[in-house]
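# Coordinate analysis (summary)
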Amino acid sequence: MYAWIWRHLPGPVAVKAVTALVLVAVVVALLLFVIFPAVEPMLPFDDPTLE
Amino acid sequence: MVSVDTSPQAPPPRGRSGRWRPLLRGLGEALITLGLVVLLFVFYEVQVTSWFSARQQADATERLRGQWREVSPDEQAPPPVPGRGFARLHIPSLGPDFPFTVLEGTDQDTLAAGPGHYGGTALPGQRGNFALAGHRSGRMAPFGDLDRLGSCDAVVVETATDWYVYRVLPLRGEAADWDPETAPERCAGVAPIGGPYRDVFGRTIVEPERREVIDPVPGVPRGTVPEQWRSRLITLTTCHPRFSAEKRMIVHGVLTKRYPKVAERPDLRPPELGG
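What counts and how
Residues numbered from 1 in each chain as written. Chains lettered and ligands numbered in written order. Predicted model: local features only at pLDDT ≥ 70, side-chain atom pairs only at ≥ 80, totals over all residues. Heavy atoms only, no water. Helix = DSSP H or I, 4+ residues; strand = E, 2+ residues; numbered from the N terminus. Rg over C-alpha atoms; globule rule 2.2 N^0.38 Å. Areas by Shrake-Rupley, 256 points an atom, 1.4 Å probe, with all protein chains shown as cover. Contact = heavy atoms within 4.5 Å. Buried area = accessible area lost by both parts, 1.4 Å probe. Salt bridge = Lys/Arg side-chain N within 4 Å of Asp/Glu carboxyl O. Polar contact = N/O pair within 3.5 Å; in protein donor to acceptor, adjacent residues only side chain to side chain. Disulfide = S-S within 2.5 Å. Buried < 20%, exposed > 50% of the residue type's maximum accessible area, 1.4 Å probe, protein only. Core = buried A, V, L, I, M, F, W, Y, C linked by side-chain atoms within 4.5 Å. UniProt positions renumbered as here; feature names shortened; annotations may be inferred.

Per an unreviewed UniProt entry, the recorded name for chain B is LPXTG-site transpeptidase (Sortase) family protein, and the organism is Actinopolyspora xinjiangensis.

### A look at the overall build of chain A
The helix and strand inventory of chain A stands at two helices and zero strands. Relative to the globule expectation of 10 Å for 51 residues, the C-alpha radius of gyration of chain A, 18 Å, shows a markedly less compact shape. Referenced to the eigenvectors of the C-alpha coordinate spread, the extents of chain A come out at roughly 60 × 20 × 10 Å. Surface exposure of chain A reaches about 3600 Å², of which carbon and sulfur atoms provide 82%.

### A closer look at the interface of chain A and chain B
Put simply, an interface is often sized by how much accessible area is lost when its parts join up. Of the residues lining the interface, 19 residues belong to chain A; the matching set on chain B comes to 34 residues. Taken over both partners, the interface formed by chain A and chain B buries close to 2300 Å², and the fraction arising from carbon and sulfur atoms is 62%. Three residues, D46, P48 and L50 of chain A, lead the burial of chain A against chain B; their summed loss comes to 32% of the area buried on that side. Seen at the junction of chain A and chain B, the total is two salt bridges. Notably, a salt bridge pairs R139 of chain B with E40 of chain A, separated by 2.8 Å at the nearest N-O pair. Inspection of the region where chain A meets chain B yields 10 residue pairs in polar contact (both at pLDDT 80 or more). Of all the secondary structure elements, the ones that give two or more residues to the side of chain A that touches chain B are α1 (2-8) and α2 (13-39) of chain A.

### Regarding the state of the cysteines
Residues and elements named next belong to chain B. Scanning the model with the defined rule gives one disulfide over all chains in all. The disulfide partner of C152 is C187, and the gap between their sulfur atoms is 1.9 Å. Where C152 bonds to C187 through sulfur, the torsion about that S-S bond is close to 110°, and the disulfide is right-handed. Remark: C187 occurs in the loop between α3 (172-175) and β7 (203-206) and C152 occurs in the loop between β4 (128-133) and β5 (154-158); sequence separation between them is 35 residues. By relative accessible area, C187 is classed as buried at 6%.

### Looking at the nonpolar core
Taken as a class, soluble globular proteins show a tendency for nonpolar side chains to be buried jointly. Residues and elements named next belong to chain B. Core analysis: the largest hydrophobic core is formed by 23 residues, its most contacted members being L89, I91, L146, L149, V157, Y166 and L236. Among residues more than four places away in sequence, those in contact with L236 are I91, L132, F143, L146, L149, M249, I250 and V251. Counting residues in hydrophobic clusters, the runner-up holds nine residues, among them Y118, A133, I214 and I250.

### Some words on unusual backbone geometry
Residues and elements named next belong to chain B. Following F98, the chain continues to P99 via a peptide bond in cis, the omega torsion being 5°. Relative to the elements of secondary structure, P99 occurs in the loop between β1 (85-90) and β2 (100-104). Note that the residue after H240, namely P241, is joined by a cis bond; omega there is -10°. On the secondary structure map, P241 appears in the loop between β8 (232-240) and β9 (247-260). The phi torsion at M140 lies on the positive side, around 70°, for a residue other than glycine.

### A closer look at the UniProt feature "active site" (unreviewed entry) in chain B
In this structure's numbering, the residues bearing the UniProt feature "active site" (unreviewed entry) are H135 and C239 of chain B. These residues run over 105 residues, yet every pair of their C-alpha atoms falls within 7.0 Å of each other. Assignment of secondary structure puts H135 of chain B in the loop between β4 and β5. Aside from chain neighbours lying at most four places away, what touches H135 of chain B is D46 and P48 of chain A together with L111, A141, P142, F143, G144 and T238 of chain B. Checked against the element boundaries, C239 of chain B lands in strand β8. For C239 of chain B, a relative accessible area of 0% gives the class buried. If we skip the residues at most four places from it in the chain, C239 of chain B touches D46, D47 and P48 of chain A together with R136, S244, K247, R248 and M249 of chain B.

So this is what it looks like as structure tokens:
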């Protein structure tokens, strides 16, 4: 999977590396700020109130 | 002369096993990715939520300070508004994370900004039970170290008009042979209350559905004890064990002192806070 992505990134190695880092950053940001906040209320974590 | 004898490289295995190789590699990469996502989620839960909460807590504090500047300590404080701050909670024995601004309500959004007050329970200083909930982990974890509170530790609530000094009640193991005569000086006003309060201890672990711990007299049906016989309690609830929603940790304290604020001297602080 990662080898396939690497092969399909355009440009010389330096450009590929920068593009790859940007892609990783985009995925991490998407997880931290969109996906995790959305799924978190469904998980049985840290509910301090009484039912 | 040294000659390095290299054996000819074995050709890569071909045939039946070669076809599975890309598939296995893809599976391995997917599992590693999943592991990293789970690790990232832990980081989110513990750290990133605290960054969001710190900003909300700062906003609530800012707004409360503005409100307090307009209210003279001699007047009646306005009633709490859901989702807004109305008091400050100081627990000196839990270190520099305190004080926190306490907000009205215990829904998820309110608790993300700081400790929340169970609606309908007593207000600070009133007879009955001033009950608060706070996160144990993540979202700044205001009640993260509640397990470190011992009997007689001060829990100070600051309102627009007063400072209320509550102290943690004797723990289960201490209550039976508690002697107010020999107790340390800081325990003045703290003793097992007895009567309908005989099962109320400083710190307990309960099932999440034990909502009666925030009743005016914890564990006693409402209306049994007339208002003028009730003590003035504070109750802090958080989840237990840390990171889990399985049980709840409950800390009960009793009001020992009240210092009215003085309009001309806003810098005065109670001695319990080193004032």
